[in-house]
Every structure is written in structure tokens, then in C-alpha cells.
Amino acid sequence: MAFLLEGTPKNDGYRMPGEFEKHAGTWMLWPERPDNWRLGAKPAQKAFVEVATAISRFEPLTMAVSQAQYNNARNLLPGNIRVVEMSNNDSWIRDCGPTFVTNGESLRAVDWDFNAWGGLLGGLYFPWDLDDLVAQKVADLERVDRYKAPLVLEGGSIHVDGEGTLMTTRECLLNENRNPDLTQEEIEAHLSDHLNLSKFIWLNRGIYNDETNGHVDNICCFIRPGVVALAWTDDKSDPQYEISQENYEILQATTDVKGRKLEVHKIYQPNPILITQEESEGVDAIQGTLPRQKGDRLAASYINFYFCNGGVVVPQFNDPHDKLALDQLQKLMPDRKVVGVYAREILLGGGNIHCITQQQPAVKN
Ligand code: KQY
């Protein structure tokens, strides 16, 4: 059975583990909407299969898929991947899925409000009601009790170190299209109550031109407690330069929950990646969704990678920096196998590998 709980995870002794801690498995959601994914989402589906297959070599993976796409997804995915039917509006389970918390003995879920990255104030699609039910449905399928958090929040807008430190961006969490009636302190209080946190690191901005309003998971992440990786460029003419510099200074000047200074590693970005005419023409135009126009810069970043048990799955763009990113990350995580997956088709939808995955922590490490 899965109950809706009163109270808060913090009061009940639950915390959000770091993504680098052990997982019971990974959840994904299958892409299909033709006004976000070009050519009826066929190329994106192929990329999702590659990501899912790579992750499933490290840990169990479940793909949730609409009724209309069930046969197609089941046919394209390897047999070791569990496929379950789940209606949805799009495929970003990092953002609409549950955030799992644990007390070391059992697992619970936090179910945030989801408004498709801004609701009617610049949100990315309408409606989003099916996505808003995904967290509850995943919790039910896993028989995990659930807290309903009174906060609009996407999982990609936060990273935690598992010890009580959270990292986020003002660009997203303080955006008037998320929780306009809450102050920074009130948002911190809700996050603290639901994820068991005592320290907040606020970056200002995320990756240049990121349609999520600067999700932290595209620009900076914890490699482990005390160690972070930051998207970087040395090109002063790139608008990303100033953003990354500013974040570097913030990170250098701060400490984590344990009073440690952070070790900050710069991960070089791919060269600017622009939408081609062919790619733009493959997306159905539907009123109310973001146009995908030729020449628009995509929010490409190697930081949008995903930890799995013993592995790391990293986006690749067919860019001269691809190998450097893999080498840098492998050096930072010598006890994991770093695997690259070509991810341009996911990037074209507005996110990357981290945005399309959600970890379910193992109850005991
Ligand atoms: O990056 C993400 N976390 C989600 C991006 C959503 C894009 C919708 N078009």
C-alpha cells in the first residue's frame, strides 16, 4: 500500500541521498510529443533506447510509456528493461517524477507541484496535468508512502550532497513563474523540511539559453560530498563565460554543511551547438509551445550526466570536447565506468540525460 503522509520527511528522519549513492534502479519516461521532438519523436526514441540500455547494464531500469506507445517502446527496448504503462505529457521524469528520501530502513517519496517549467508564465507546454501525476504513480507502483510538498519544483533544479547541502540557482527557484509568493527563506524552509537540509548554495544563473530557467543540473553537480563539477569555457566572447566565472567565484567562496571548502572542477563545454534548418522543420508547430528555430543555441552541457551503480552516463555531441569531458569525469571518478552516449536528439528536446532519468535510491548502501 502507498499512503499520503502528514508531517515532513525531516521530522520523520528521512533525507534525500546524493545521486552518487547506491540506487535500487532508475526510472525514465518515453518521448512521443511531436511539438517537442522532431519527426514524431522517432530519433529521440532511439536516443532514449541508447541511454536506457547503457544504464540497464549497471542497474535495473523501468521505462514508463503511454498506452499509445506501449507496443513501440516494448519492441525497441531490450528485455531486461521493465516497461510500464503511464500516461504523461512529456518525458522529463527528473522534473515531474518523485524525489525519493530514505531513513536507511525504508523509502518514501516527495511529490512536488509541477507546472511545466513556469506554468502560464513562460511554461513549456499546456496542459501538464498528466505529468503532475507521475510522482504519485511511481510511488504507488513502488508501494512507497508519499509526502505532498507545497512547492512548485523540478528535480533538475536541485542537487544535494546527501549530507545536508543543497545547490540550486536563483534564476530558477526565485523565478516569478514558480513560487511567486514565497521568499528565498521560505523556499529554503520547504526544501529543508522535505529533503533534510541545513546548508544552501545559491548560484545565480544556469547554462546560457536554458529553457528551464537555469536548472542547476545542467551547469553544476556534486561528484561526491565536498567535490563539484562546473560547466566551463575559456572563450570570453561566449555569454556562458561570465555565467561560469560568476558561479566559480560563488563556489570558491562557500563551504558545505560540514564547513568544508569545495573542490571545484571545471568541465569544458562543447562548442556552441545550434539548431539546423532540417531539425527545426521536423518539429510540429503547435500554439503555446516553444518554437524550435534554425540557428537557436541549444543548452548543451556535459554536466547533464547521470550516475548509476558503478557507472556514469555522459552526453556526447560529436564535438571536439567530447573525449576531454569523458577523460575529466573518469579521472574524477576512478571507481566508476564512464560511458558516453550520443545525445544531440535529447538536447534538441530541451534537456539531456540527467533530465530524462530519476534515481530510486537503495534503502541500504
Ligand atoms: O532540462 C530539463 N530538465 C527539462 C527540459 C524540458 C524541456 C521541455 N521542452
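We now turn to the structure provided with this report. As the structure is a prediction and not an experimental result, all values here were calculated from the model. Along every chain, residues carry numbers that run from 1 in the direction the sequence is written. Local features in this predicted model are restricted to residues whose pLDDT is 70 or higher, and side-chain atom pairs enter the listing and the counts only when it is 80 or higher, whereas totals over whole chains, interfaces and linings include all residues. Side-chain measures were taken over the full set of non-hydrogen atoms in the model, leaving aside hydrogen atoms and water.

This paragraph deals with the site of the ligand. Put simply, a residue is near a molecule or strand once any heavy atom of it comes within 4 Å of that molecule or strand. For the ligand, the set of nearby residues contains 13 residues, the closest of which are N36, D95, E211, G349 and C355. Throughout this description, a polar contact denotes any pair of N or O atoms lying within 3.5 Å of each other; where both atoms belong to protein, one of them has to be capable of donating a hydrogen while the other can accept it, and for residues adjacent in sequence the pair is counted only when both atoms sit in side chains. One of the side-chain N or O atoms of E211 is found 2.9 Å from a nitrogen atom in the ligand. R292 is positioned with one of its side-chain polar atoms (N or O) 3.4 Å from a nitrogen atom of the ligand. Accessibility throughout is a Shrake-Rupley quantity obtained with a 1.4 Å probe, and a residue counts as covered only by protein chains that appear here. Within the complex, the protein chains bury 98% of what would otherwise be the 300 Å² of accessible surface of the ligand. Grouping the amino acids of the shell around the ligand by side-chain chemistry returns four nonpolar, six polar and three charged. Under the convention adopted here, Pro, Cys and the residues Ala, Val, Leu, Ile, Met, Phe, Trp and Tyr are nonpolar, Asp, Glu, Lys and Arg are charged, and Gly plus all remaining residues are polar.

Here we take up the sheet that holds strand β7 (residues 145-152). Sheet strands pair by backbone hydrogen bonding; their relative direction is either parallel or antiparallel. Reading across from one edge, β1-β7-β6-β5 is the order of the four strands in this open sheet, with mixed pairing throughout. Of all strands in the sheet, those bounded by a partner on one side alone are β1 (4-5) and β5 (99-102). In this sheet, β7 lies alongside strand β6 (residues 107-113) in parallel orientation, the contact comprising five bridges. Bridge pairing in β7 links D111 to K148. Those strands touched by helix α5 (residues 134-141) are β5, β6 and β7, and its axis lies near 165 degrees from that of β6. Only heavy atoms matter for contacts: two residues are in contact if any of them lie within 4.5 Å across the pair. Lines fitted to the C-alpha atoms define the axes, with helices restricted to the stretch that makes contact. Angles between their N-to-C directions range from 0 to 180 degrees. Secondary structure elements are taken from DSSP: a helix is a run of H or I of four residues or more, a strand is a run of E of two residues or more, and numbering for both begins at the N terminus. The strands touched by helix α7 (residues 184-195) within the sheet are β5, β6 and β7, with β7 carrying the most contacts at an inclination of about 170 degrees. Here, strands pair whenever DSSP counts at least two bridges between them.

Here we take up α5. Given 3.6 residues to a turn, an α-helix orients residues that are three or four positions apart in the same direction. Each residue gets one of three labels from its accessible area relative to the maximum for its type: buried under 20%, exposed over 50%, partly exposed in between, using a 1.4 Å probe on protein chains only. All of the buried residues in α5 are V134, A135, V138 and A139. One side of α5 holds all its buried residues, which, seen down the axis, span an arc of 135 degrees. Residues of α5 that are buried in the fold lie against β2 (23-29), α4 (93-96), β5, β6 and β7. Phi turns positive, to about 55 degrees, at R143, one or two residues after α5. The arc under discussion is defined with respect to the helix axis, by the directions toward the C-beta atoms.

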